[in-house]
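# Coordinates in review
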Amino acid sequence: MVKETIRVYARVKPPGKRQQAGIYSVDDNEKSLSSLEIIVPRDLADGFVNNKRESYKFKFQKIFDQEAKQDAVFDSIAKPVAECVLAGYNGTIFAYGQTGSGKTFTITGGAERYSDRGIIPRTLSYIFDQLQKDSSKVYTTHVSYLEIYNECGYDLLDPRHEASKLEDLPKVTIMEDPDQNIHLKNLSLQQATNEEEALNLLFLGDTNRMIAETPMNQASTRSHCIFTIHISSKEPGSATIRRSKLHLVDLAGSERVAKTGVGGHLLTEAKYINLSLHYLEQVIIALAEKNRSHIPYRNSMMTSVLRDSLGGNCMTTMIATLSLDKRNIDESLSTCRFAQRVALIKNEEILNEEIDPKLMIVQLKKEIQELKDELALVTGKERTSELSQDELLQLDELIETFLEDNDPDSTLDVGADMRKIKYCFIHVKQLMNHSKISDTKLLSQHISEEKDTNKEAGEEELKKLKELLQQRDNEINILVNMLKKEKKKAQDALFQLNAASAGSTVLEQSHSINLEESQSPSSCFSLKEAKDFSSSVHRLPFLSRQTGEKMSLGCQEAFEVFKRDHADSITIEDNKQLLNQRFTEAKHLGEKLNEVRNKINHLKGEINQRHIQRAALAISSPSEELHTLDPVEEKLRTQIEEEKNRYKTMFNRLKGLKVEIEHLQLLMEKVKVKLQKDFEVWWSEESINLQV
């Protein structure tokens, strides 16, 4: 694993005929890095003082001035990366700069002269020359050409490109596996066996690129293009394969819409270009921060494709193309600042080796055969894949002896023969399965016995439910008989009222009211009494003793009717009213006692306050006699004595009320017990009569 920062280079474009050159200087005297200093003159117009910074200094691996040739750029930038790719490492070269600064010329080259060839054709030529010279390995080369236009990917090597519109072509989509490796769907890999085939594929892709004329560049590329060379190599007879890839990236140039003044379709393209370059800068800033946990690769398609190139397994090189005329000084400074941030990113280069499964299978088969031959030579026996019948019988006897032996230290020795060991394991497994089957049969028998037991318990439960149902039927019948008796009483009362209804209209109305009250055996008044009494009698003790359960609904209704018609019901109501009166009187007396106690405390406080005032007066006026009687104090003491007498009288009355309340409660409890016993006797008699 090799860990190093991204190498950053700068290339200065010569100014055009109508462009005014800016002021800059290149310092190549330093040992390792070159320095570029850009001078921005201050604007002294209108007499204002301008303290803006004049000099900007940036460091690069190497700076290619205006006179630099394409071959020098290739030798310094692309050749070391191509050598690493041939050795099995991944590599990336990308150009960054504003539109019209020479990115496409550096990466692809010019079409006028052969010497103007860019990095891509020179790299292809160099790689195929090295592949022809190296005969110790077998190489396979493939080429792909991806275009990202308006944040959509297209395959530039698709044969339908010339005959179809760009929107009709299949889009290249990004897919990610669980290991976060990026795969591009619908991107074709074209095999190239020599330099000529690879260059033809490059020219085909360049023909299909989106190019338009803008105010900044007559042939401005309006998309990002990634030309990728895939190389796989292996030595003859070896199962190890080395796979590497080289990305050659030509980014679309950023531009200021306010300066160029483009509109319509060109404006839409410029927005997508600037947005994707903005996301690229976000990724660069996030990678430069030490404690950053999330890197926003997925914000754009370009950063997703170049994930390995930015902070991953790749040797990456950047070329910052600069157009140092006065009009473009600000854009050039921005490009240099971006390059300085890129130079802080570290990549980890890993040798990409993997095992060819087909060759590994052949090697393993050969090794197995050699081991068999060696084993036969050592043992002197030619082993077959299956055991003989005599060996199987002998193994069965050994297994049976081993299982019957109760010694925990006993062992089963079958020799260093995997066939015998495997047979022993299979035989023991069969015996275990057989014992499991017998255990299952015993378990099924146990389950059937439990079912029989559960059946008997169910029959007993059914019997209990039938008895409970019979009991409920008896309760219903008793209630029906009671209702019949009540109905008969109501009819007799109606007959008497009709006989006596020959009077005036007022008498008829009063009789009808009494009739309505008497027709309802459970009128509102009687229901209220029953509820008051039932609230004091929560449950019947005799029912709890007999059944241990709560009173049934039918039994409760019967008890309400029985209680209303009982002879002691009037006594109960009288005692209850008297008890309520005594409770109310006791509560009123308690409140009065509290008031008297508070009043006594208040009067005592006034006497103490009077003492304090007289003592203070005696200190201030010694002539005043302190021991003379105070009429106000005497009056307060008289009031206290009167209130104490009232308090004693009310307290004695409260004690008498308490004794009377306790006596009434005892009487009520005795009547309740008697009522419960009478109901128990009556209920038992009704049940016996119903059964008879």
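Rules of the game
- Residue positions are given per chain, counted from 1 along the sequence in the order it is written.
- Totals for whole chains, interfaces and linings use all residues, but because this is a predicted model, local features are given only for residues with pLDDT of at least 70 and pairs of side-chain atoms are given and counted only at 80 or more.
- Side-chain numbers come from the whole structure's heavy atoms, not from hydrogens or water.
- Counting from the N terminus, the helices are the DSSP runs of H or I reaching at least four residues and the strands are the DSSP runs of E reaching at least two.
- It only takes one pair of heavy atoms within 4.5 Å for two residues to be counted as in contact.
- Distance thresholds for patches are 9 Å for like charges and 5 Å for nonpolar side chains (Val, Leu, Ile, Met, Phe, Trp, Tyr), applied to residues having over 30% relative accessible area and no salt bridge.
- Surface accessibility in these figures is a Shrake-Rupley result with a 1.4 Å probe; residues are shielded only by whichever protein chains are displayed.
- When a carboxyl oxygen of Asp or Glu lies within 4 Å of a side-chain nitrogen of Lys or Arg, that pair is called a salt bridge.
- Relative accessibility under 20% of the residue-type maximum defines a buried residue, over 50% an exposed one, and the middle range a partly exposed one, all with a 1.4 Å probe and only protein chains included.
- Stacked, tilted and edge-to-face are the three classes applied to pairs of Phe, Tyr and Trp rings, where Trp contributes its six-membered ring and a pair requires centres within 6.5 Å; stacked means planes under 30 degrees apart, edge-to-face means over 60, and tilted covers the rest.
- In this scheme, the bend at a residue equals the angle between the axes fitted to the seven residues that finish there and the seven that begin there.
- Only when DSSP finds a minimum of two bridges between them are two strands counted as paired.
- Note on method: axes are straight lines fitted to C-alpha atoms, helices fitted across the in-contact stretch only, with angles between N-to-C directions ranging 0 to 180 degrees.

Turning to the environment of Ala-192, a few remarks are in order. Relative to the assigned elements, Ala-192 resides in the loop between β12 (190-191) and α4 (195-207). Once residues within four sequence positions are removed from consideration, Ala-192 is found in contact with Phe-128, Thr-141, His-142, Val-143, Glu-197, Ala-198 and Leu-201.

Turning next to a nonpolar patch on the surface. On the surface, Phe-402, Leu-403 and Leu-431 cluster together to form a nonpolar patch covering roughly 250 Å² of accessible area. Note on placement: Phe-402 falls in helix α10 (residues 389-404). Judged by relative accessible area, Phe-402 falls into the partly exposed class, the value being 32%.

Tallying each qualifying case throughout the model produces six aromatic pairs. Between the aromatic rings of Tyr-9 and Phe-64, the centroid separation amounts to 6.3 Å while the plane-to-plane angle is 35 degrees, which identifies the pairing as tilted. Taken together, the residues span a long stretch of sequence, with Tyr-9 in strand β2 (residues 7-12) and Phe-64 in strand β6 (residues 62-64) at a distance of 55 residues. Accessibility expressed as a relative area gives 7% for Tyr-9, which makes it buried. Aromatic pair Tyr-96 and Phe-338: ring centres 4.1 Å apart, planes at 20 degrees, arrangement stacked. One end of the pair, Tyr-96, is in strand β7 (residues 91-96); the other, Phe-338, is in helix α8 (residues 329-342), with 242 residues separating them in the sequence. Phe-338 shares its class with Tyr-96; the two are buried.

Attention now goes to helix α1 (residues 70-86). Taken as a whole, α1 carries its principal kink of about 45 degrees at Ala-78; the proline Pro-80 stands between one and four residues after it. Every buried residue of α1 is accounted for by Gln-70, Val-73, Phe-74, Ile-77, Ala-78, Val-81, Ala-82, Val-85 and Leu-86. Directly beyond the C-terminal end of α1, a positive phi value near 110 degrees is found at Gly-88.

Time to look at the sheet that holds strand β5 (residues 55-60). Read across the open sheet, the three strands follow the order β3-β4-β5; overall the sheet is antiparallel. Only two strands of the sheet have a single partner each, and these edge strands are β3 (23-27) and β5. On average, adjacent strands in this sheet sit at an angle of 20 degrees to one another, irrespective of strand direction. Pairing of strand β4 (residues 34-39) with β5, which is carried by six bridges, proceeds in the antiparallel orientation. Bridging across to β5, Glu-37 finds its partner in Lys-57. Relative to β5, α8 is tilted by about 40 degrees, and along the sheet it contacts β4 and β5.

That's the geometry; what it means functionally is another story.
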